[in-house]
Amino acid sequence: MTMHNETAPSFVPERIVEISTWSGPRTYEELIDADADAVELDIESLDRYEQAALGVRAVYAAANLPTPPLLIRINTCLAATAREAMQEFERTVGRGSQAHRKHVWFVGTENGLRGLVQDLQVLRLGDGVSCIPAPQLTASAH
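In this text, all values refer to a predicted model and were calculated from it rather than measured experimentally. (Residues numbered from 1 in each chain as written. Predicted model: local features only at pLDDT ≥ 70, side-chain atom pairs only at ≥ 80, totals over all residues. Heavy atoms only, no water.)

### Some words on the overall build of the chain
So, step 1. Scanning the chain from N- to C-terminus turns up six helices and six strands.
So, step 2. From first element to last, N terminus to C terminus, the chain shows the α and β order β-β-α-β-α-β-α-α-β-α-β-α.
So, step 3. A buried classification covers 40% of the 142 residues belonging to the chain.
So, step 4. Intrachain contacts of the chain at a sequence separation of at least 6 include 66% that bridge at least 24 residues.
So, step 5. Within the structure as shown, the chain displays about 8,000 Å² of accessible surface, and the carbon and sulfur contribution to it stands at 52%. (Helix = DSSP H or I, 4+ residues; strand = E, 2+ residues; numbered from the N terminus. Buried < 20%, exposed > 50% of the residue type's maximum accessible area, 1.4 Å probe, protein only. Contact = heavy atoms within 4.5 Å. Areas by Shrake-Rupley, 256 points an atom, 1.4 Å probe, with all protein chains shown as cover.)

### A short note on the pattern of salt bridges
So, step 1. Inspection of every chain in the model, using the stated rule, returns seven salt bridges.
So, step 2. Between Arg73 and Glu18 there is a salt bridge, with the nearest N and O atoms lying 3.3 Å from each other. Of the two residues, Arg73 is situated in strand β4 (residues 70–78) and Glu18 in strand β2 (residues 16–20); the sequence distance between them amounts to 55 residues.
So, step 3. Relative accessible area serves as the criterion here: at 8%, Arg73 is assigned to the buried category.
So, step 4. A salt bridge links Arg73 to Asp42, with the shortest nitrogen-to-oxygen separation between them at 3.8 Å. Separated by 31 residues along the polypeptide, Arg73 in strand β4 and Asp42 in strand β3 (residues 38–42) bring together distant segments of the chain. Of the two residues, Arg73 and Asp42, both sit in the buried class.
So, step 5. Several salt bridges converge on common partners, so that one network encompasses Glu18, Glu40, Asp42 and Arg73. (Salt bridge = Lys/Arg side-chain N within 4 Å of Asp/Glu carboxyl O.)

### A short note on the side chain of Glu40
So, step 1. Structurally, the position occupied by Glu40 is in strand β3.
So, step 2. Apart from the residues lying within four places of it in its own chain, the contact partners of Glu40 are Ile16, Val17, Glu18, Ile19, Leu71, Arg73, Ser130 and Ile132.

### Observations concerning the environment of Arg48
So, step 1. You can see Arg48 is positioned in the loop between β3 and α2 (49–62).
So, step 2. Sequence spacing of Arg48 and Thr21 is 27 residues, and the spatial spacing of their C-alpha atoms is 8.8 Å.
So, step 3. Those residues in contact with Arg48, other than ones at most four positions away along the chain, are Thr21 and Ile43.

### Considerations on the environment of Tyr60
So, step 1. Locating Tyr60 in the fold gives a position in helix α2.
So, step 2. You can call Tyr60 buried: its relative accessible area is 4%.
So, step 3. Each C-alpha atom, one on Tyr60 and one on Ile32, is 7.2 Å from the other, the two residues being 28 residues apart in sequence.
So, step 4. When residues no more than four places from it in sequence are discounted, the contact partners of Tyr60 are Leu31, Ile32, Val39, Leu65, Pro66, Thr67 and Pro68.

### Overview of unusual backbone geometry
So, step 1. Backbone geometry places Asn64, a non-glycine residue, at a positive phi of 55 degrees.
So, step 2. Assignment of secondary structure puts Asn64 in the loop between α2 and β4.
So, step 3. In this structure, Arg124 takes a positive phi of about 55 degrees despite not being glycine.
So, step 4. By the element assignment, Arg124 lies in the loop between α5 (110–122) and β6 (128–133).

What follows is the structure in C-alpha cells.
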C-alpha cells in the first residue's frame, strides 16, 4: 500500500527506484537512467531522511532534472491490537534482527499507522509513504 499526502492524492507511481542507506547510494546513472516516477528511501531511522533526501535531490539537480516524489519506506507489522502486532513482529522479523535494524518499522494497528502517516504529512517529511508488510520483507532478502 502506498499512501501520499494531500498535494497528490491520486498519484500512484508505476516506476519506483529504491535507495537503501544500507546498500550504499545508487550511482548517478542508476538514478537518472531509471526514469522513475518516484524514489523510495529505505532508511534505518526517520532522522536519516533529510540527509538521504538531500543526496537524491543533489543528483537530480546536477543532471538539471526535477526530483521525482520522495517516498519514505515504512515496513509494517499490523494486527488487531498492538500486542498481537508485536508478537507477530517478534515471530516473523525478530526484535534486534538485521531486518529490524536496517529499516524503519511500524508495529501496531492500522489506525496507528494512519496516525503515523498523518504525522509525517504534518511534518512534511517526504512526499509520500510506501508501506511494506512484514511477510513481504521477510520473504525477500533482508
